[in-house]
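Now for the letters of each chain:
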Amino acid sequence: MNGSVAGGGYAEEIISLTRRPSGLGFNIVGGTDQQYIANDNSIYVSWIKKDGAAYLDGRLQEGDKILAINGKDLKDLRHKDAVELFRNAGYYVSLKIQRRLQPQNGPVGHGGDGESGGLPLAAILVPSLALAATAVWILLRYRQRM
């Protein structure tokens with residue numbers, strides 16, 4: 001990720017998006033009246049719409065804290081006021097976001113850019129277990145017919 005590493009394992013980044021006919025392509029949560037995290041009035045990305053502007057850009061992630069939009073600080077805003085800022089932000093939108101850095105458990109010399117380049121373990125295990133369960137089921141059905 002391009003950006004500066006702040007203290008405590010966080011990184012900040014500026015992301016520029018171009019609004020599409022369907023909008024920016026993500027939902028937000030949080031605000032002074034709807035805290036997403038206890039004692040935290042910040043605005044967070046809760047969902048990214050597939051094929052939306054944020055999804056196609058690829059940098060914004062669910063869970064990112066949005067610090068500012070077009071240079072306007074989002075600190076201590078009510079949820080509906082933050083939503084209005086997003087709706088009225090214009091065609092070209094600049095987001096300043098903060099993301100918690102994930103610890104790197106890669107090999108020595110790993111670049112630490114946040115991109116592992118591999119598949120998540122679940123993406124391998126779930127299909128493998130489904131295949132194994134199907135094979136067992138077929139074997140049991142075959143044995144019953146003998």
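Residues numbered from 1 in each chain as written. Predicted model: local features only at pLDDT ≥ 70, side-chain atom pairs only at ≥ 80, totals over all residues. Heavy atoms only, no water.

*Asks:* Teacher, can you tell me more about the overall build of the chain here?
*Replies:* The helix and strand tally for the chain stands at 3 helices and 7 strands. Counting every position in the chain, which comprises 146 residues, the buried fraction comes to 27%. Restricting to contacts in the chain with at least 6 residues of sequence separation, those with at least 24 account for 60%. (Helix = DSSP H or I, 4+ residues; strand = E, 2+ residues; numbered from the N terminus. Buried < 20%, exposed > 50% of the residue type's maximum accessible area, 1.4 Å probe, protein only. Contact = heavy atoms within 4.5 Å.)

*Asks:* It is not clear to me how helix α2 (residues 79-87) should be interpreted in this structure. Could you clarify?
*Replies:* Side chains that are three or four residues apart share a direction in an α-helix, a result of its 3.6 residues per turn. Those residues of α2 lying buried are His79, Ala82, Val83 and Phe86. The arc that holds the buried residues of α2, viewed along the axis, is 100°, so those residues lie on one side. For α2, the secondary structure elements touched by its buried residues are β3 (26-30), β4 (43-48), β5 (65-69) and β7 (92-100). (Arc of directions from axis to C-beta.)

*Asks:* I keep staring at unusual backbone geometry and nothing clicks. Help me out?
*Replies:* Leaving glycine aside, a negative phi is the common case for residues, and trans is the common case for peptide bonds. A positive phi angle, close to 70°, is found at Asp51, a residue other than glycine. Along the chain, Asp51 falls in the loop between β4 and α1 (53-57). With a phi close to 50°, Asn70 is a non-glycine residue in the positive phi region. Here Asn70 shows up in the loop between β5 and β6 (72-73). Overall, the relative accessible area of 39% leaves Asn70 in the partly exposed class.

*Asks:* Just checking my understanding: could you explain the pattern of salt bridges for this structure?
*Replies:* Two side chains bearing opposite charge may form a pair once their charged atoms approach each other closely. Enumeration according to the criterion identifies 6 salt bridges in this entry. Here Asp81 ties to Arg78 by a salt bridge, and the two come within 2.9 Å at their closest N and O atoms. Accessibility expressed as a relative area gives 27% for Asp81, which makes it partly exposed. A relative accessible area of 39% places Arg78 in the partly exposed class. Here Glu84 ties to Arg87 by a salt bridge, and the two come within 3.5 Å at their closest N and O atoms. With Glu84 and Arg87 both in helix α2, this residue pair falls 3 residues apart, about one helical turn. Taking relative accessible area as the criterion, Glu84 reaches 37% and is therefore assigned partly exposed. (Salt bridge = Lys/Arg side-chain N within 4 Å of Asp/Glu carboxyl O.)

*Asks:* Where do I start with the confidence of the model for the chain in this structure?
*Replies:* Caution applies to low-pLDDT parts of the model: their predicted coordinates are not meant to be read in detail. Chain-level pLDDT for the chain is 84 on average; 81% of the residues reach the 70-or-more range. Across the chain, element-level confidence peaks in β5 with a mean pLDDT of 97 and bottoms out in strand β1 (residues 4-6) with 47. Taken as a whole, residues 108-116 scores under 50 in pLDDT and shows 5 contacts with residues more than four places along the chain or in a different chain. (pLDDT = per-residue confidence, 0-100.)

*Asks:* Can you walk me through the nonpolar core in this structure?
*Replies:* One recurring pattern in soluble globular proteins: nonpolar side chains tend to sit buried together. Core analysis: the largest hydrophobic core is formed by 21 residues, its most contacted members being Phe26, Ile28, Leu60, Ile66, Phe86 and Leu95. The residues touching Ile28, leaving out its near neighbours within four places in the chain, are Ile43, Tyr44, Ser46, Ile66, His79, Ala82, Val83 and Phe86. (Core = buried A, V, L, I, M, F, W, Y, C linked by side-chain atoms within 4.5 Å.)

*Asks:* Mind showing me how you'd approach the packing of aromatic side chains here?
*Replies:* When we look at a pair of aromatic rings, we describe it by the centre distance and by the angle of the planes. Throughout the structure, instances matching the rule amount to 3 aromatic pairs. Seen from their ring centres, Phe26 and Phe86 are 5.7 Å apart, and the 90° between their planes marks the pair as edge-to-face. Separated by 60 residues along the polypeptide, Phe26 in strand β3 and Phe86 in helix α2 bring together distant segments of the chain. Looking at Phe26, the relative accessible area reads 12%, which means it is buried. Take Phe86: its relative accessible area is 7%, and that puts it in the buried class. (Phe/Tyr/Trp six-rings, centres within 6.5 Å; stacked < 30°, edge-to-face > 60°.)

*Asks:* I would appreciate a short explanation of the environment of Ala89 in the present structure.
*Replies:* Among the secondary structure elements, Ala89 is positioned in the loop between α2 and β7. On a C-alpha basis, the gap between Ala89 and Arg19 in space is 9.2 Å, while along the polypeptide they are 70 residues apart. With near-sequence residues (within four places) excluded, Ala89 lies in contact with Arg19, Ile69 and Asn70.

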